[in-house]
Amino acid sequence: MNIIIPVPKEFGFESCFSFLQRSPKEVLHRCGVNSVRKLVRIHGAVVLFELCPSRDLQLEVKVLNTKLSPNQKKALIRFVTEWFDLETDLKPFYAMAKHDALLKDLVRDHYGYRIVGQPDLFESLVWAVLGQQINVQFAYALKQRFVQQFGNTLVFDDTPYFLFPTPETVAVLNDADLLPLQFSRQKSKYTQLIAQAFVDGELSKEKLSGLPLSEAKEKLMKIKGVGNWTANYALMKTFRYRDAFPLEDAGIHNAIRNLQKMARKPTLAEVKHIFKKYKGWEAYATLYLWKSL
DNA sequence: CGCCAGGTTAGAG
DNA sequence: CTCTAACATGGC
């Protein structure tokens, strides 16, 4: 079954694809030469799909392992649309960024790059915790072990594909399960607390959907281990608030330092000042700055 | 050994 | 609200 998904003019498959390829340890999707395969759960069914650019600059999706009902097909289109943030109109962002000293080269070189999101809130929060205060490479190693050990697997053509572990699975884990994967005690505890919050019904994507940024952030930060950085990460990647951004992020700081050829990293006050110019587009400014690293 | 990496918490000013 | 120290772990 082939599905064609229309994309806006400001969409560049290449830029998004290069993001998907950024770590060989990524286990939640698998890149081919010019395509990506991913396992998702759609209305209870485990669905493996392949996505590639089609001739007329649209996206083509093939489902590999099953047949979808009309409703499931609709949900899959919804998933891909969310994953690549296809509904955001980038014209106003580009109009602003092409006159900005920090962003102008980046938006030219990565035209059409969109925030590749994480539609699953649990995955987004745990991934952010894994990325806290360590290099990204090691974070991918942690995620790989975690997903391979506790996520569901589908083998297709002799190749395994993985789903992110569910909160129910993770909530019953303890330090004895996670420390051997080289989780720090802190990451282990935070991961368990987040899973617990989902299982207890304190937290869900539905509960936060539609809230103003400040309220959604406040609810996320009630969980121990979810600070400003982690909350904003999830708000950008899962809920797609355009004005969310992780102020304390070391990557943002390094990008600014490099682009402005500073001898030191900018202070938080300096970062805030720079981001005032990006009002309403802080999330996209962040992602393009990350692209520069 | 030192410093840094896509931080968080608790506590003081 | 802002600044600081303590914490934790791998990689170069």
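Residues numbered from 1 in each chain as written. Chains lettered and ligands numbered in written order. Predicted model: local features only at pLDDT ≥ 70, side-chain atom pairs only at ≥ 80, totals over all residues. Heavy atoms only, no water.

A. Expanded view of the protein's contact with DNA strand C. Around DNA strand C, the surrounding shell consists of Gln133, Ile134, Asn135, Phe138, Gln182, Ser184, Arg185 and Lys272. In DNA strand C, atoms within 4 Å of the protein come from the sugar-phosphate backbone in 85% of cases. Here a phosphate oxygen of DNA strand C sits 3.2 Å away from a polar atom, N or O, in the main chain of Arg185. Here a phosphate oxygen of DNA strand C and a side-chain polar atom of Lys272 are 3.0 Å apart. Its residues assigned to classes, the surface near DNA strand C shows two nonpolar, four polar and two charged. (Near = heavy atom within 4 Å. Polar contact = N/O pair within 3.5 Å; in protein donor to acceptor, adjacent residues only side chain to side chain. Nonpolar A, V, L, I, M, F, W, Y, C, P; charged D, E, K, R; others polar.)

B. Region of interest: the pattern of salt bridges. All chains considered together, the criterion is met by 12 salt bridges. Between Lys62 and Glu50 there is a salt bridge whose closest N-O contact spans 3.8 Å. Residue Lys62 is found in strand β5 (residues 59–63), and its partner Glu50 is found in strand β4 (residues 45–53); the two are separated by 12 residues along the sequence. Relative accessible area serves as the criterion here: at 13%, Glu50 is assigned to the buried category. Arg78 serves as the salt-bridge partner of Glu87, at 3.3 Å between the closest nitrogen and oxygen. Arg78 gets classed as partly exposed once you look at its relative accessible area, which sits at 40%. Linked through salt bridges whose partners overlap, the residues forming this network are Arg37, Glu50 and Lys62. (Salt bridge = Lys/Arg side-chain N within 4 Å of Asp/Glu carboxyl O. Helix = DSSP H or I, 4+ residues; strand = E, 2+ residues; numbered from the N terminus. Buried < 20%, exposed > 50% of the residue type's maximum accessible area, 1.4 Å probe, protein only.)

C. Region of interest: the domain arrangement of chain A. According to the domain assignment, chain A contains domain 1 (2–86) and domain 2 (121–237). Here the C-alpha centre of domain 2 lies 22 Å away from the C-alpha centre of domain 1. Across the contact, 17 residues belong to domain 1 and 21 residues belong to domain 2. When the two sides are added together, the surface that domain 1 and domain 2 hide from each other amounts to roughly 1800 Å², 62% of it contributed by carbon and sulfur. Taken as a group, Lys25, Val27 and Leu28 account for 34% of the area that domain 1 buries against domain 2, more than any other trio of residues on that side. Seen at the junction of domain 1 and domain 2, the total is two salt bridges. The partner of Glu26 in a salt bridge is Lys143, and the shortest N-O contact between them spans 3.0 Å. At the junction of domain 1 with domain 2, the criterion picks out five residue pairs in polar contact (both at pLDDT 80 or more). At the level of secondary structure, the elements contributing two or more residues to the side of domain 1 that touches domain 2 comprise β3 (36–42) and β4. (Domains from an automatic or database assignment. Contact = heavy atoms within 4.5 Å. Buried area = accessible area lost by both parts, 1.4 Å probe.)

D. Expanded view of the protein's contact with DNA strand B. Around DNA strand B, the surrounding shell holds 23 residues, and the nearest of these are Arg22, Lys224, Gly225, Thr230 and Tyr233. By atom count, sugar and phosphate contribute 61% of the portion of DNA strand B lying within 4 Å of the protein. Lys224 is positioned with one of its side-chain polar atoms (N or O) 2.6 Å from a phosphate oxygen of DNA strand B. Here Asn254 contributes a side-chain N or O atom positioned 2.8 Å from a phosphate oxygen of DNA strand B. For the surface near DNA strand B, the secondary structure elements donating two or more residues are α9 (185–199), α12 (228–237) and α13 (250–259). Per-element accounting of the surface near DNA strand B gives the leading share, four residues, to α12. Taken together, the residues that form the surface near DNA strand B break down as eight nonpolar, 11 polar and four charged.

E. Structural view of the environment of Tyr113. For Tyr113, the location among the structural elements is in the loop between α4 (104–109) and α5 (121–130). When the C-alpha atoms of Tyr113 and Phe19 are compared, they prove to be 8.9 Å apart, with 94 residues separating the residues in sequence. Sequence-distant contacts of Tyr113, defined by excluding residues within four places in its chain, comprise Gly12, Ser15, Cys16, Phe19, Leu90, Tyr94, Tyr284, Leu287, Tyr288 and Lys291.

F. Just the pairing of strand β6 (residues 153–156), in detail. Strand direction decides the pairing type here: β6 and strand β7 (residues 159–162), joined by four bridges, are antiparallel. Residue pairing across strands places Phe156 opposite Thr159, the latter belonging to β7. The turn joining β6 and β7, which pair antiparallel and follow one another in sequence, is formed by two residues; a positive phi near 55° is taken by Asp157. (Pairing = 2+ DSSP bridges.)

G. Quick look at unusual backbone geometry. Of note, Asp158 is a non-glycine position whose phi angle comes to about 65°, a positive value. Looking at where Asp158 falls in the secondary structure, it is placed in the loop between β6 and β7. For Asp158, a relative accessible area of 75% translates into the label exposed.

H. Up close: the environment of Val172. Among the structural elements, Val172 can be located in the loop between α7 (167–171) and α8 (175–178). Overall, Val172 belongs to the exposed group, its relative accessible area being 65%. For the pair formed by Val172 and Ala195, sequence separation is 23 residues and the distance between their alpha carbons is 8.7 Å.

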